[in-house]
Amino acid sequence: MSADERSLAARRMDAIGTSAHYDRRLAPYDIAASQAHVTMLHKQGIVPADAAAGLHRGLDLLKEQIETGADPLDPAAEDVHTAIEQYLETQIGADAGWLGTARARNDLAVTALRLWTRDQVGVLTGKVLALAEALATQAKQHSATVMPGFSHLQIAQPVTFGHVCLAYAETFLRDAERLRFVLALQDESPMGSAALAGTGFPIDRESVARSLGFARPTANSLESVGDRGFALDFLTAGASLALGLSRFGAEIVFWSSQPVGLISLPDELVSSSAALPHKRNPDAAELIRGKSGRVLGNLHTLQTVVKGLPLSYFRDLQEDKEPLFDTADTLVLSLDAAISIATLMRPNVDAMRAASDLSFVTSGDLADWLTRERKIPFREAHHLVTELVRLAKEHRLSLGELPLELRRGVDERLAFSEWPDITVYASVASRDSQGGTAPSRVLEAAAQLRSKLAEFTARAAAR
Ligand code: ARG
């Protein structure tokens, strides 16, 4: 083995082993965990007072520098945790060596990542709630704005724009709940698990857990250092959120497409085509949809990393960070764009009405009316209205214009002289069952959603 080969190998080991270029964002969380650890070590009589004070001084200084945007950590260190220990050595000398007592990088790294995840859950939840709020505002404003309701992307029945906005708000509210579960399920501190077996020092894991804002310490040191359940839960909740955002993006792309033209987006949220000057492409919505791919992929990445690992820590687990960071960053971008879309999109009220007011779109309402008012069994009523539609098409008339004599020809019971109100407005107003599209229900649902959002925010603040 030549010296050249060995130095090449060392460089290759560095290259594959380093996480310093992306784990720097964990520095504030390493500092928090380290400070809680030092405080406990001193209280337990494990670390002398002057060494503990020195460590706190060094960590405070680092925190301050990071907060002011400086980056004093050595970029050549293998990871952020090593870089912080090295930094402390340059600042306070040999006392820095006390910090490694009764801990390992294994429990430290996963604790820092849990703390980071908790903060990200807070950030994302705030944005998800803001998105739902923007949709609730649209719903309140447009509780009575009639638009086509689609199934199979075919116009099915008139609905209200407010009802549609609340449909998405409902999905996003559930995503906020899912994010909450991520924390509730893993509200535990791994600190003190040390390398994998715990430690012989008389540490107090409860106090460290509490000072870091966790409900309790983890129960099993072996599991704690290798478990990434919290990360997978975060990625799962993130994937669910990305799915909802992607569908919302797809909806916006469809609504704003030119022949559809149900909504308008402001100039700031569209781009023009380099080739075709008349175009207004809904790029923000398309990217929300497109970026969901990487968020779904990140979940798959970490599942695949973890699936073959027996207990406990393996270096494979260092690969947990990039998918997590990317999911959080991508969702922040997508949520911010979605909030702007939800706030600034404007329904084209006339186009919506015209599109929903297709001939025969309310034929179902006529069948309902025959059943309700004329006591004709619904299946039969449905069949009679099908006949009326056929007849109306043949005579190029709307249902309301079909003369009584023609109707009598289909069935004696259709020879009524008063014609039911089957305008699109009457249609939506009649669908006032709980959860229905009627303006009265939409206003009620928007108010209910608002109070759920307020409740959610209050609960999050009380944590
Ligand atoms: N950078 C490592 C990670 O994130 C830290 C833990 C290293 N532990 C070890 N035993 N090599 O996974």
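See above for the structure.
The rules behind each value
Residues numbered from 1 in each chain as written. Predicted model: local features only at pLDDT ≥ 70, side-chain atom pairs only at ≥ 80, totals over all residues. Heavy atoms only, no water. Pairing = 2+ DSSP bridges. Helix = DSSP H or I, 4+ residues; strand = E, 2+ residues; numbered from the N terminus. Expected span 1.5 Å × (residues − 1). Buried < 20%, exposed > 50% of the residue type's maximum accessible area, 1.4 Å probe, protein only. Contact = heavy atoms within 4.5 Å. Near = heavy atom within 4 Å. Polar contact = N/O pair within 3.5 Å; in protein donor to acceptor, adjacent residues only side chain to side chain. Areas by Shrake-Rupley, 256 points an atom, 1.4 Å probe, with all protein chains shown as cover. Patch = residues over 30% accessible without salt bridge, like charges linked within 9 Å, V, L, I, M, F, W, Y side chains within 5 Å. Salt bridge = Lys/Arg side-chain N within 4 Å of Asp/Glu carboxyl O. Axes fitted to C-alpha atoms, helices over the stretch in contact; angles between N-to-C directions. Parallel < 35°, antiparallel > 145°, perpendicular 65-115°, else oblique. Left-handed = near helix turned anticlockwise from the far one by under 90°. Nonpolar A, V, L, I, M, F, W, Y, C, P; charged D, E, K, R; others polar. 1 Å grid on protein atoms, 1.4 Å probe; cavity = no way out; pocket = protein on both sides within 12 Å on 5 of 7 lines; lining within 4 Å. Points joined across faces, edges and corners; volume = space filled by probe spheres on them.

**Side note on the pairing of strand S1 (residues 146-151)**
Pairing geometry for S1 and strand S2 (residues 154-160), over six bridges, is antiparallel. Bridging from a neighbouring strand, Met147 pairs with Val159 of S2. In this structure, the hairpin formed by S1 and S2 is closed by a connection of two residues, where His152 is found at a positive phi of approximately 60°.

**Things to note about helix H14 (residues 363-374)**
Look at H14: 16 Å from first C-alpha to last across 12 residues, which is about the 16 Å you get at 1.5 Å a residue. All of the buried residues in H14 are Ser363, Asp365, Leu366, Ala367, Trp369 and Leu370. Packing partners of the buried residues in H14 comprise helix H15 (378-394) and helix H17 (424-430). One or two positions beyond H14, positive phi appears at Lys375, with a value near 55°.

**Here we look at the site of the ligand**
Inspection of the region around the ligand gives Ser19, Asp79, Arg105, Asn106, Ala109, Tyr313, Gln318 and Lys321 as its neighbouring residues. Taking Tyr313, its side chain carries an N or O atom lying 2.3 Å from an oxygen atom of the ligand. Surface burial for the ligand is 85%, taken as the share of its 350 Å² of free accessible area covered by protein chains. With three residues, helix H6 (residues 105-141) is the single largest residue contributor to the shell around the ligand.

**Let's talk about a nonpolar patch on the surface**
A contiguous nonpolar patch, built from Leu196, Leu222 and Leu311 and spanning about 250 Å² of accessible area, is present on the exposed surface. You can see Leu311 is positioned in the loop between helix H11 (283-306) and helix H12 (321-344).

**Points about the packing of H6 against helix H18 (residues 439-462)**
Across the interface, H6 lies against H18 with an axial gap of 9 Å and an inter-helix angle of 160°. Regarding the angle of H6 to H18, the classification is roughly antiparallel. Taken as a pair, H6 and H18 cross one another with a handedness that is left-handed. Contacts between H6 and H18 involve Thr125, Leu129, Ala132, Glu133, Ala136, Thr137, Ala139 and Lys140 from the former and Val442, Leu443, Ala446, Leu449, Arg450, Leu453, Phe456 and Thr457 from the latter. Here the residues of the contact of H6 with H18 sort into 10 nonpolar, three polar and three charged.

**Topic: the layout of surface pockets**
In this structure, the largest pocket occupies an estimated 420 Å³ of space. Residue lining of the largest pocket: 16 residues in total, with Val164, Ala167, Tyr168, Arg247 and Glu251 positioned closest to the centre. Residue assignment for the lining of the largest pocket shows that the elements contributing at least two residues are S1, helix H7 (161-185) and helix H10 (229-256). Here the lining of the largest pocket takes six residues from H10, the largest share from any one element. Of the residues in the lining of the largest pocket, the class split is 11 nonpolar, three polar and two charged.

**Overview of the pattern of salt bridges**
Opposite charge on two side chains allows them to pair when their charged atoms are near. Tallied over the entire structure, the rule returns 29 salt bridges. The salt bridge partner of Glu177 is Arg459, with a shortest N-O separation of 3.6 Å. Placement of Glu177 in helix H7 and of Arg459 in helix H18 is noted, with a sequence separation of 282 residues between them. For Glu177, a relative accessible area of 23% puts it in the partly exposed group. The class for Arg459 is partly exposed, based on a relative accessible area of 36%.

**A look at empty space enclosed by the protein**
Counting across every chain of the model gives two cavities of 30 Å³ or more. The volume enclosed by the largest cavity comes to roughly 90 Å³. Looking at the lining of the largest cavity, the elements that each hand over two or more residues are H6 and H7. If you tally residues by element for the lining of the largest cavity, the top one is H6, at three residues. Class assignment for the residues of the lining of the largest cavity results in four nonpolar, two polar and four charged. Here the second largest cavity is characterised by a volume of approximately 40 Å³. Lining the second largest cavity are His37, Met40, Ala102, Met191, Gly192, Ile203, Asp204, Arg205 and Val208. Secondary-structure elements contributing two or more residues to the lining of the second largest cavity are helix H3 (27-43) and helix H8 (205-211). When its residues are assigned to classes, the lining of the second largest cavity shows five nonpolar, two polar and two charged.

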